[in-house]
Amino acid sequence: MRVFTCDNCGQLVFFDNSRCLRCNSPLGYVHQRRDVVALTEVAPQRLVDLANPVRAWQRCATEKVTGCNWLVPAGTDALCESCVLTRTRPADDDREGMAELIKGEMAKRRLVFQLAELGLPVAPRDAQTQQGLAFDLLSSSETKVITGHDDGVITLDLSEADDEHRERLRLQLNEPYRTLLGHFRHEIGHYYWPILVDQPDVLDACRTLFGDDRDDYAIAVKAHYDTPNDDDWSWTQTHISRYATMHPYEDWAETFAHYLHILDTLQTADSFGLGTTTSGASRLTHRPGAHPTRPDGSDSFGDVIDHWLELSYALNQINRSMGRDDLYPFLLPPTVVRKLAFVDHIVHRR
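These numbers were taken from a predicted model, which means no experiment stands behind them. (Residues numbered from 1 in each chain as written. Predicted model: local features only at pLDDT ≥ 70, side-chain atom pairs only at ≥ 80, totals over all residues. Heavy atoms only, no water.)

> Sorry if this is basic, but what is going on with the sheet that holds strand E3 (residues 27-30) here?
Whether parallel or antiparallel, the strands of a sheet pair through hydrogen bonds between backbone atoms. The strand order across the open sheet built from five strands is E3-E4-E5-E6-E7, with neighbouring strands paired in antiparallel fashion. The open sheet has two edge strands, E3 and strand E7 (71-73), and neither has a second partner. Put simply, the sheet's adjacent strands are angled 55° from each other on average, direction ignored. Across four bridges, the pairing between E3 and strand E4 (residues 35-43) is antiparallel. Among the inter-strand pairings, Tyr 29 is bridged to a residue of E4, identified as Val 36. (Pairing = 2+ DSSP bridges. Helix = DSSP H or I, 4+ residues; strand = E, 2+ residues; numbered from the N terminus. Axes fitted to C-alpha atoms, helices over the stretch in contact; angles between N-to-C directions.)

> Explain the packing of aromatic side chains to me, please; I cannot follow it from the model alone.
Both the distance between ring centres and the angle between the ring planes are used here to describe each pair of aromatic rings. In this structure the tally under the stated criterion is 21 aromatic pairs. Aromatic side chains Trp 193 and Tyr 249 sit 5.1 Å apart centroid to centroid with 80° between the ring planes, which places their arrangement in the edge-to-face category. Of this pair, Trp 193 sits in helix H4 (residues 180-197) while Tyr 249 sits in helix H7 (residues 248-271), placing them 56 residues apart in sequence. When its relative accessible area of 8% is taken as the criterion, Trp 193 is described as buried. Taken together, a centroid distance of 5.6 Å and an interplanar angle of 35° make the contact between Trp 233 and Trp 235 tilted. One aromatic cluster in this structure is built from Tyr 191, Tyr 192, Trp 193, Phe 210, Tyr 217, Tyr 249, Trp 252, Phe 256 and Phe 342. (Phe/Tyr/Trp six-rings, centres within 6.5 Å; stacked < 30°, edge-to-face > 60°. Buried < 20%, exposed > 50% of the residue type's maximum accessible area, 1.4 Å probe, protein only.)

> Can you walk me through the packing of H4 against H7 in this structure?
Packed helices, taken two at a time, are described by their axes: the angle between them and the distance between them. One can describe the packing of H4 onto H7 by two numbers: an axis separation of 8 Å at closest approach and a directional angle of 115°. The two elements H4 and H7 meet at a crossing, and its hand is right-handed. Between H4, through Gly 182, Arg 185, His 186, Ile 188, Gly 189, His 190, Tyr 192, Trp 193, Leu 196 and Val 197, and H7, the contact on the second element is made entirely by Tyr 249, Glu 250, Trp 252, Ala 253, Glu 254, Phe 256, Ala 257, Leu 260, His 261 and Asp 264. The residue makeup of the contact of H4 with H7, split by class, is eleven nonpolar, five polar and four charged. (Left-handed = near helix turned anticlockwise from the far one by under 90°. Contact = heavy atoms within 4.5 Å. Nonpolar A, V, L, I, M, F, W, Y, C, P; charged D, E, K, R; others polar.)

> Help me understand the packing of helix H2 (residues 95-117) against H4 in this model?
At a closest axis distance of 9 Å, the pairing of H2 and H4 adopts a crossing angle of 50°. By the criterion of interaxial angle, the relationship of H2 to H4 is oblique. Handedness of the crossing formed by H2 with H4: right-handed. The segment H2 lies against H4, with Lys 103, Gly 104, Ala 107, Lys 108, Arg 110, Leu 111, Gln 114 and Leu 115 engaging Leu 180, Leu 181, Phe 184, Arg 185, Ile 188 and Tyr 192. When its residues are assigned to classes, the contact of H2 with H4 shows eight nonpolar, two polar and four charged. (Parallel < 35°, antiparallel > 145°, perpendicular 65-115°, else oblique.)

> What is the right way to read the nonpolar core from this model?
Generally speaking, a soluble globular protein has its nonpolar side chains buried in company with each other. Judged by nonpolar contacts, the single largest core of 71 residues is most densely connected at Phe 135, Ile 188, Val 197, Trp 252 and Phe 256. Take this core: its biggest share by element is nine residues, from H4. Residue contacts for Phe 135: discarding those within four places in its chain leaves Leu 85, Thr 86, Arg 87, Thr 88, Lys 108, Leu 111, Ile 154, Phe 184 and Ile 188. The next biggest cluster of nonpolar side chains, apart from the first, holds six residues, and it includes Val 30, Leu 39, Leu 47 and Leu 71. (Core = buried A, V, L, I, M, F, W, Y, C linked by side-chain atoms within 4.5 Å.)

> Looking at this model, I keep getting lost on the pattern of salt bridges. Mind explaining?
Taken as a whole and assessed by the stated rule, the structure comprises 21 salt bridges. As a salt-bridge pair, Lys 108 and Glu 105 come within 2.9 Å of each other at their nearest N and O atoms. In this pair, Lys 108 and Glu 105 are both assigned in helix H2, three residues apart and thus about one turn of the helix distant. When sorted by exposure, Lys 108 lands in the same class as Glu 105, which is buried. Between Asp 212 and Arg 214 there is a salt bridge, with the nearest N and O atoms lying 2.8 Å from each other. Several salt bridges converge on common partners, so that one network encompasses Arg 207, Asp 212, Asp 213 and Arg 214. (Salt bridge = Lys/Arg side-chain N within 4 Å of Asp/Glu carboxyl O.)

> Can you walk me through the pairing of E3 in this structure?
Along any regular strand, the residues point their side chains to alternate faces of the sheet. Of the two faces of E3, both are covered, the one formed by Leu 27 and Tyr 29 as well as the one formed by Gly 28 and Val 30. In this antiparallel pair of consecutive strands, E3 and E4, the connection spans four residues, and Arg 34 shows a positive phi of 50°.

> Could you clarify how one ought to interpret the pairing of strand E11 (residues 153-157) in this entry?
Of all five residues making up E11, five are buried, and the element is well covered by its neighbours. Side chains Val 153, Thr 155 and Asp 157 of E11 all project onto a buried face; the interleaved residues Ile 154 and Leu 156 project onto the opposite face, where all are buried too. Where strand E10 (residues 148-150) lies against E11, three bridges are found, and the strand directions are antiparallel. Its bridge partner being in E11, Gly 148 is matched across the sheet by Thr 155. The turn linking E10 back onto E11 is made up of two residues, and Asp 151 within it adopts a positive phi angle of 50°.

> What exactly am I supposed to notice about the sheet that holds E11 here?
Read from one edge of the open sheet, four strands run E8-E9-E11-E10, paired in mixed fashion. Looking at which strands have only one partner, the edges of the open sheet turn out to be strand E8 (86-88) and E10. Averaged over all pairs of adjacent strands, the angle between strand axes in this sheet comes to 30°, irrespective of strand direction. As paired elements, strand E9 (residues 134-138) and E11 share five bridges and run parallel to each other. Paired with Leu 137 across the two strands is Leu 156, which belongs to E11. Together, E8 and E9 form the strand contacts of H2, whose direction differs from that of E9 by roughly 155°. Seen against the sheet, H4 touches E9, E10 and E11 and runs at an angle of roughly 160° to E11.

Okay, here's the thing in structure tokens:
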């Protein structure tokens, strides 16, 4: 995530802010510009950008329900580019589900921001053609919900927004890391498989790295969960997670999610001037206009990985200094780096 500042007073503001804490100016996010802007209210439901007063805005129609700070053109009563993707949500009287929805939509907005930064297509689902992307955000507090992707529809259990619930599952499944944003990133990886991978000039290379996606998925799932989660850690040399060993589809989705994880964190580090010394650099130097897959200004993805490893070592040590577990509890052996580089190649060329 990039750094944003208030156009009125220059105060540092953040992606989800709806008001500047220094000058009290209203703030809103304009997705077309991918920027948080300071506003002045010229009439009810009519906001003007202080720095560019040509166009009038209003808040997304879900502002009071989800806390969304994104802007839409004035006079439209429209949903923003993120909220329009939500097809189903908890009922208004589901207090627990609605509280979880706020966290879920916050994570989804961050995902949509990054996908736009990378130039990846995000089109709302068309009810007639059944093409495009939709999210069913449901809470298992009311009924059983299985997180997954099915032909452009991503279902997400909003109970993952509850820290206690999510940590209990993480320990039960012996996972090193489990986050709500991570679920979004994993499932969007499945969505992009037919768009990015299932292409004549890409699929064979992908199968060489990730395995044959034509293997029976149902059998692979059963075999994965029937295998005891024992002390065999050999998978760490070939996969980013144990879950990725289930099937090539899951390996792709886990690797794609990890790719987004790395780029977003590096972009944040670069924006705040958190430095590394790789390749003789004293800090991560931002280059205006640099491609989002090179958030630290690196010339190659190999340099991105070098910077990432150095930054993650530092972040882990900082966490340990605070008496916490490692912030980044993963290994990146050569095979996993090659898979990440493959993801980078097909995203970067797009």
